[in-house]
Amino acid sequence: MTPVTSANLTCPVCGVVQKAEMPLNACQHFYVCTSCKSVLKPKEGDCPAPIL
Ligand SMILES: [Zn+2]
């Protein structure tokens with residue numbers, strides 16, 4: 001099975017929505033807004049618990 005590893009991130013600064021491919025350890029990643037270059041971090045609630 002292939003886990004869903006994509007998420008839509010909304011920039012809190014300019015409001016642009018970008019689709020980001022999320023690796024399984026997404027909680028350790030951050031993204032830069034393609035529009036205003038602000039750093040976007042996944043919200044804690046968006047991080048699925050790692051399956052060990
Ligand atoms: Zn932005």
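First, a word on what this report is: a plain description of the structure on this page. (Residues numbered from 1 in each chain as written. Predicted model: local features only at pLDDT ≥ 70, side-chain atom pairs only at ≥ 80, totals over all residues. Heavy atoms only, no water.)

All right, on to the coordination of the zinc ion then. Here the zinc ion is held by C11 (SG), C14 (SG), C33 (SG) and C36 (SG), and the distances to it run 2.3 Å. One can describe the site at the zinc ion as tetrahedral: its four donor atoms subtend angles covering 106 to 115° at the metal. Positions of the donor residues of the zinc ion, expressed as sequence spacing, correspond to C-x2-C-x18-C-x2-C. (Donors = N, O, S within 2.8 Å, 3.2 Å for Na, K, Ca; no water. Tetrahedral: all angles 85-135°; square planar, octahedral: opposite > 155°, others 65-115°.)

Our next topic: the environment of K19. For K19, the location among the structural elements is in strand β2 (residues 17-21). Remark: the alpha-carbon pair of K19 and N8, spanning eleven residues in sequence, is separated by 4.5 Å. (Helix = DSSP H or I, 4+ residues; strand = E, 2+ residues; numbered from the N terminus.)

Keep in mind that these numbers describe shape and distance, not what the molecule does.
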